[in-house]
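Each chain, written out:
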Amino acid sequence: MKISLKKDSQIKSSARSQTLVVFYSCTESKTKSRSKQISAPNVAKSILNLLTSALSEGTLSGSRMEATLLGNVNVNEYKNLLAISLGSSTTVLNEDLRQAAAAAHKTLLSSRLQNADFLCDNIFARSGRNTQAAVSAVVEGLLLSDYEFDEYKSKETRESRQSLKSAGLLCSNKTNTLNISKGLQAGQTLAECINFSRRLGDTPGNLMTPAELAKTTQTAARGTKLKVTVWDKARIKKERMGGLYGVSLGSSAEPRFIIMEYKGATSSKKPVCFVGK
């Protein structure tokens, strides 16, 4: 899936996505009637009116992570409006945004819609000052939801899979796009690394052998500041790593010990080590 940054004033009507995605909250009024009210900061009045009408008609209830697709409404030059409820809480965490983006992705796929734009100013209104982290959370939610382990499925099956082709982060003219760009990059990097790890875990053990795992790790680290060192069976035995060596004798696949080093701080600072098995 391609995720890009868009300026509202710079995109032509023909280049807009089919669907606009907005996040909203649904709270009870303080009046005796305790009626529900829609809160959707930084959205056009026409969109707010549409959501309010949908609530009064029962089309949406406002329950947390409810996804409501309003089709053929032709609002703000978009054919469809997808509304994702963040519930009634006044405090919205980045995890809420991550889950909301995932809910949007699921609904877009089930509705066979291939592209959508997310209204950034609407997202920022709930994220406080850290807009970069908020954007990253939305991007992570989209890309993590888009993951599917299909490497061993037929070409016909892979090509027939319904997928979200593109998503846009739609910004107004007043929006400073620097933090949005940083958030987009951070979210893509995090999601790509997580999905890479998921692929390693999902690959059958008879195919993701220790040697293949080491090779894949070395390939992934090329062009980065990550140094990868791989010890083979002989080196493992030489280092007296009896546990690892002994367990490997029960397999036809030879063992590997992978060392990954990233020197991101000065040499005077103590290193942080992670040991996995």
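In this report, the structure presented in the accompanying data block is examined.

Analysis parameters
Residues numbered from 1 in each chain as written. Predicted model: local features only at pLDDT ≥ 70, side-chain atom pairs only at ≥ 80, totals over all residues. Heavy atoms only, no water. Phe/Tyr/Trp six-rings, centres within 6.5 Å; stacked < 30°, edge-to-face > 60°. Buried < 20%, exposed > 50% of the residue type's maximum accessible area, 1.4 Å probe, protein only. Salt bridge = Lys/Arg side-chain N within 4 Å of Asp/Glu carboxyl O. Helix = DSSP H or I, 4+ residues; strand = E, 2+ residues; numbered from the N terminus. 1 Å grid on protein atoms, 1.4 Å probe; cavity = no way out; pocket = protein on both sides within 12 Å on 5 of 7 lines; lining within 4 Å. Points joined across faces, edges and corners; volume = space filled by probe spheres on them. Nonpolar A, V, L, I, M, F, W, Y, C, P; charged D, E, K, R; others polar.

**Quick look at the packing of aromatic side chains**
Per the counting criterion, the structure on display carries three aromatic pairs. Relative to Tyr152, the ring of Phe149 has its centre 5.9 Å away and its plane inclined at 55°; by these criteria the two rings are tilted. By relative accessible area, Phe149 is classed as partly exposed at 23%.

**Side note on the pattern of salt bridges**
Applying the stated criterion across every chain, the model contains eleven salt bridges. With its nearest N and O atoms 3.9 Å apart, the salt bridge here joins Asp146 to Arg161. With Asp146 in the loop between α4 (131-145) and α5 (155-160) and Arg161 in the loop between α5 and β7 (166-171), the pair connects residues that are 15 residues apart, well separated along the chain. Judged by relative accessible area, Asp146 falls into the buried class, the value being 14%. With relative accessibility at 24%, the residue Arg161 sits in the partly exposed group. A salt bridge links Lys153 to Glu148; the shortest N-O distance between them is 3.2 Å. Judged by its relative accessible area of 33%, Glu148 falls in the partly exposed class. Several salt bridges share partner residues, and in doing so they unite Asp146, Glu148, Lys153 and Arg161 into one network.

**What about the environment of Leu143?**
Tracing the backbone through its elements, the reader meets Leu143 in helix α4. Residue class for Leu143 comes out buried when judged on its relative accessible area of 13%. On a C-alpha basis, the gap between Leu143 and Arg256 in space is 31 Å, while along the polypeptide they are 113 residues apart.

**Details of unusual backbone geometry**
Most peptide bonds are trans, and most residues other than glycine sit at a negative phi. Positive phi is not limited to glycine here, since Asn72 has a value of about 55°. Relative to the assigned elements, Asn72 resides in the loop between β4 (67-70) and β5 (80-85).

**So, the layout of surface pockets**
Within this model, the largest pocket holds a volume of roughly 1,500 Å³. Taken together, 35 residues line the largest pocket, and the ones lying closest to its centre are Ile258, Ile259, Met260, Phe274 and Gly276. Contributions of two or more residues to the lining of the largest pocket are made by α6 (177-202), α7 (210-221), α9 (242-248) and β9 (257-262). Per-element tally for the lining of the largest pocket: the top contributor is β9, with six residues. Of the residues in the lining of the largest pocket, the class split is 21 nonpolar, eight polar and six charged.

These results come straight from atomic positions and should not be treated as a statement about function.
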